[in-house]
Each structure stands twice: as C-alpha cells, then as structure tokens.
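Okay, here's what each chain looks like letter by letter:
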Amino acid sequence: MTVPYFTLQWRGDAATGALWLIDQTKLPEAYEELCCTTAEIVFEAIRSLRVRGAPAIGVAAAYGVLTGTQALRSSPPDLFRQKLRSVAEYLASSRPTAVNLFWALDRMTGFADRQPSSLTSAELHDRLLVEAKAIDDEDKAMCLAIGHHGSLLLEDGMSVLTHCNAGGLATAGDGTALSVIFAAVRAGKKIHVFADETRPLLQGARLTAWELMKRQIPVTVICDNMAAQVMKEGRVHCVVTGADRIAANGDAANKIGTYGVAVLAKYHGVPFYVAAPSSTFDLSLADGSGIPIEQRKDEEIAESFGKRTVPRGVSVYNPAFDVTPASLIDALITEKGVVRNPTKESVAKHFV
Ligand code: MRU
C-alpha cells in the first residue's frame with residue numbers, strides 16, 4: 001500500500017533547503033503544499049494547524065530550527081548557538097499540549113550542545129539537519145512498530161472507532177492509531193472505521209476520512225454526539241485513538257472529546273486503546289492533572305469554517321484537548337509493544 005502524499009519533508013540541503021508540508025487546513029477540498037523558509041512560517045503553520053498532530057508538530061519544529069538559523073551559517077558560532085536557543089524557545093511557544101514539540105526541540109538543542117565548539121556555524125547547521133532527519137526517520141519507524149503491535153489487537157471483520165486524526169497526516173510516517181488499522185489491513189484483515197467528525201475543527205471528517213479513502217479502507221463519518229448510539233447498536237468493536245501527552249501513570253491527553261468516547265466505551269464494554277510513540281510520554285508528570293490544555297479561539301466554535309453559528313455576544317469555551325484517565329484505557333500501544341491496563345508501575349516497566 002503506497003501512500004500518494006507526504007505530510008512534511010525537508011527538501012534540499014541545509015544551506016538552501018526548506019520544510020515543505022501539506023497545508024491541512026485546506027483538506028479535503030484542496031491539496032496544497034506550503035514551503036516554510038523561516039521559523040515564523042513554521043510557527044504560524046503549527047499554531048494554525050496547517051501541520052498538526054503531536055509527532056508531526058515535533059518533526060516540523062525540528063526542521064523549523066533549521067529554517068530559523070539558516071541565515072546565520074556564516075556568522076560567528078557563538079551568535080549561531082544563541083540564535084538556535086532563541087528559535088527553539090520561540091517554536092516551543094507555538095502550542096502547549098503535545099509534548100513531542102518540546103521533546104524534539106530539546107533534542108535539537110541538546111544535540112547542538114554536544115557538538116564540538118570548534119565547528120563553524122555552517123558545519124553545525126549541516127549536522128543539525130542530519131539530527132532533524134533522524135527524528136523524522138525515527139518517527140516513521142515508530143509508526144510502523146506501533147502499527148505492528150496494535151494490529152495484533154484487531155480481528156478480521158472488526159469495526160474500529162477513532163477520534164480526531166492520528167494518521168499519516170499527524171506524523172512523519174503512517175500515523176499511530178491509523179497505523180494500527182493500516183497494519184491490520186496489510187495483514188489481510190477486513191477493518192471498517194467509524195471516524196468521529198471531531199468538532200470544532202473536524203480533523204476526523206476532513207483528515208481521517210481523507211486518509212482512509214486514499215487507502216481504500218471503508219470509513220463512515222459520524223457526528224461526535226452519535227458515538228453512544230453507534231456503540232449501543234453494537235457496531236463498534238474497539239476504539240483506537242492517538243495521544244498528545246501521556247503522564248507516568250498512563251493518563252492520556254488527546255483531542256477534546258476523547259475522554260467522553262472513553263467513558264462511553266467503558267459503559268458499553270468496548271475496549272479503548274491509545275496508540276502513541278515514546279516521544280509522546282511525559283514521565284516527569286505523575287498524572288494527567290499536570291498536562292497543560294490548550295485553549296483556542298472562540299471563533300473556531302462560534303464561526304467555524306466561515307459560518308456564524310453562535311449568536312454574537314454569547315460566550316464560548318474552547319479547550320482543544322482533554323485527559324482520559326488511565327483507568328478507562330485498556331491498553332497503551334507504543335513502538336515497544338502493548339501495556340495492558342496501564343498504571344504507574346506498568347508504564348515505568350515498559351520504558352526500562
Ligand atoms: O489539534 P490537533 O489536530 O493537533 O490534535 C491532534 C490530536 O489530538 C491527535 O489525536 C494526537 O496529536 C495524536 S497524533 C498521532
């Protein structure tokens with residue numbers, strides 16, 4: 001199964017190249033590529049969800065460091081290193097919840113710190129591109145491994161519900177939750193997907209449905225408020241979602257609405273799985289209460305896609321993520337394998 005699109009890609013060498021990405025705000029109506037030549041363009045692309053999904057944000061930020069320091073290749077190394085730090089701090093302020101962003105930026109700055117001080121700025125910049133590409137390649141490999149482990153939980157003929165988009169568009173590779181489905185299909189299993197449309201920005205309807213359609217995997221879009229009924233009708237055999245940040249005890253932040261789906265799944269006896277790479281785990285947080293939840297603009301709800309649907313002057317609340325407690329998660333699926341009934345102890349053991 002070859003995928004006829006890329007999500008993000010560095011094209012060219014370090015000195016003259018740029019980050020190209022699919023502008024996901026345009027999907028599914030238009031497929032447009034955006035060329036990011038500055039850190040400001042990358043910042044805006046992340047903030048406005050042109051590139052989105054936790055792992056993809058991390059990879060974009062790693063390449064964003066390259067664009068933000070490109071003009072200083074001929075500058076004194078001290079100045080270059082100073083700029084590198086300020087670009088990383090700037091990109092880190094683009095979105096707060098997905099820990100992959102901070103993970104990738106820390107990795108880029110940590111990598112630079114370990115390089116000999118004798119390097120010229122151009123030499124260091126060249127090496128930073130190699131590191132960013134390593135982050136990109138590792139993400140692709142993690143997606144495949146997640147897919148492999150998760151696919152063993154799916155049986156032929158199953159109908160899987162997913163929320164938001166945790167597919168190729170959300171990563172550098174095959175995705176997390178959708179990678180599980182792709183791998184099961186590659187293994188010859190027939191899988192049908194219910195995609196929650198995922199209000200307010202419709203990542204499920206616009207992006208998950210687009211990806212599955214491209215791969216010719218049967219998908220049915222439902223409004224978020226239909227999940228309970230569809231489960232009650234016995235049409236959902238398991239739920240698989242991605243995550244933006246997972247705490248040490250297994251509590252998992254993901255797109256707003258995921259927590260509600262997990263509650264519904266528990267009530268209906270439907271297994272609930274969360275698929276995510278190790279770069280999504282924040283083991284410094286004991287539980288999900290410390291995960292920062294992004295608050296987004298009122299207009300995304302009150303005036304979504306250019307149509308006013310809430311009376312002017314009425315207040316709107318727009319948290320972009322919620323936290324599903326580990327007690328509602330039947331298994332975490334990572335590139336290392338599966339953690340069933342996650343707890344502080346089992347998560348710690350998984351990562352030794
Ligand atoms: O606001 P978004 O579209 O970036 O939110 C994305 C999600 O919530 C995904 O489910 C999550 O990042 C996992 S992506 C593999």
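Conventions used here
Residues numbered from 1 in each chain as written. Predicted model: local features only at pLDDT ≥ 70, side-chain atom pairs only at ≥ 80, totals over all residues. Heavy atoms only, no water. Domains from an automatic or database assignment. Buried area = accessible area lost by both parts, 1.4 Å probe. Salt bridge = Lys/Arg side-chain N within 4 Å of Asp/Glu carboxyl O. Polar contact = N/O pair within 3.5 Å; in protein donor to acceptor, adjacent residues only side chain to side chain. Helix = DSSP H or I, 4+ residues; strand = E, 2+ residues; numbered from the N terminus. Nonpolar A, V, L, I, M, F, W, Y, C, P; charged D, E, K, R; others polar. Axes fitted to C-alpha atoms, helices over the stretch in contact; angles between N-to-C directions. Parallel < 35°, antiparallel > 145°, perpendicular 65-115°, else oblique. Left-handed = near helix turned anticlockwise from the far one by under 90°. Contact = heavy atoms within 4.5 Å. Buried < 20%, exposed > 50% of the residue type's maximum accessible area, 1.4 Å probe, protein only. Pairing = 2+ DSSP bridges. Right-handed = clockwise from strand over helix to strand, strands pointing away. Phe/Tyr/Trp six-rings, centres within 6.5 Å; stacked < 30°, edge-to-face > 60°. Lys NZ or Arg CZ within 6 Å of the ring centre and 35° of its normal. Near = heavy atom within 4 Å. Areas by Shrake-Rupley, 256 points an atom, 1.4 Å probe, with all protein chains shown as cover.

Undergrad: Can you walk me through the domain arrangement of the protein in this structure?
TA: By a widespread convention, an interface's size corresponds to the accessible area lost as its parts come together. Entries for the protein in the domain assignment read domain 1 (8-143) and domain 2 (146-350). Using C-alpha coordinates to define each centre, domain 1 is positioned 26 Å away from domain 2. In this assembly, domain 1 packs against domain 2 so that about 2500 Å² is buried in total across both faces, 57% of it on carbon and sulfur atoms. There are one salt bridge connecting domain 1 and domain 2. A salt bridge links Glu 294 to Arg 95; the shortest N-O distance between them is 2.8 Å. Our enumeration of links across domain 1 and domain 2 arrives at 19 residue pairs in polar contact (both at pLDDT 80 or more). For the side of domain 1 that touches domain 2, the secondary-structure elements that each account for two or more residues are helix 2 (54-69), helix 4 (99-114) and helix 5 (121-151). Of the residues contributing to the side of domain 1 that touches domain 2, the split by class is 17 nonpolar, six polar and six charged.

Undergrad: I would appreciate a short explanation of the packing of helix 1 (residues 39-47) against helix 3 (residues 77-92) in the present structure.
TA: The angle between the axes and the distance between the axes are what describe a pair of packed helices. Between helix 1 and helix 3, the least distance of the axes is 10 Å, while the angle of their chain directions is 20°. Between helix 1 and helix 3, the angle is such that the two are roughly parallel. Pair helix 1 / helix 3 crosses with right-handed handedness. Contacts between helix 1 and helix 3 pair Ala 39, Glu 40, Val 42 and Phe 43 from the former with Val 87, Tyr 90 and Leu 91 from the latter. Looking at side-chain class alone, the contact of helix 1 with helix 3 contains six nonpolar, no polar and one charged residues.

Undergrad: Any chance you could explain the pairing of strand 4 (residues 159-162) here in plain terms?
TA: It is a general feature of regular strands that their side chains alternate between the two faces of the sheet. Of the two faces of strand 4, the one holding Ser 159 and Leu 161 and the one holding Val 160 and Thr 162 are both buried throughout. For strand 4 and strand 5 (residues 192-196), the ladder comprises four bridges, and the chain directions are parallel. Residue pairing for strand 5: Leu 161 is matched across the bridge by Phe 194. Taking the sense of rotation as the criterion, the β-α-β connection linking strand 4, helix 6 (residues 177-186) and strand 5 turns out right-handed. Bridging between strand 4 and strand 7 (residues 238-241) involves two bridges; their strand directions are parallel.

Undergrad: Explanation requested: the packing of aromatic side chains in the structure shown.
TA: Centre distance and the angle of the planes are the two values used to describe a pair of aromatic rings. Tallied over the full model, the rule gives four aromatic pairs. Relative to Trp 210, the ring of Tyr 31 lies with its centre 6.3 Å away and its plane at 25°, an arrangement referred to as stacked. Of this pair, Tyr 31 sits in the loop between strand 2 (18-22) and strand 3 (33-36) while Trp 210 sits in helix 7 (residues 203-214); the two residues are 179 residues apart in sequence, bridging distant segments of the chain. A relative accessible area of 8% means that Trp 210 is categorised as buried. An angle of 65° between the planes, with centres 4.7 Å apart, marks the rings of Phe 281 and Phe 351 as edge-to-face. In this pair, Phe 281 is assigned in strand 11 (residues 281-282) and Phe 351 in the segment after helix 11 (344-350), connecting sequence segments 70 residues apart. Phe 281 gets classed as buried once you look at its relative accessible area, which sits at 10%. The exposure class assigned to Phe 351 is partly exposed, which follows from its relative accessible area of 21%. Here the basic side chain of Arg 215 rests over the ring of Phe 182, its NZ or CZ set 3.7 Å away from the ring centre.

Undergrad: Where do I start with the site of the ligand in this structure?
TA: Taken together, 18 residues lie near the ligand, and Arg 52, Ala 54, Arg 95, Asn 254 and Lys 255 sit nearest. The separation between an oxygen atom of the ligand and a polar side-chain atom of Gln 203 is 2.9 Å. A distance of 2.6 Å separates an oxygen atom of the ligand from a polar side-chain atom of Asn 254. When the ligand is considered free in solution it has 420 Å² of accessible area, and contact with the protein chains removes 100% of it.

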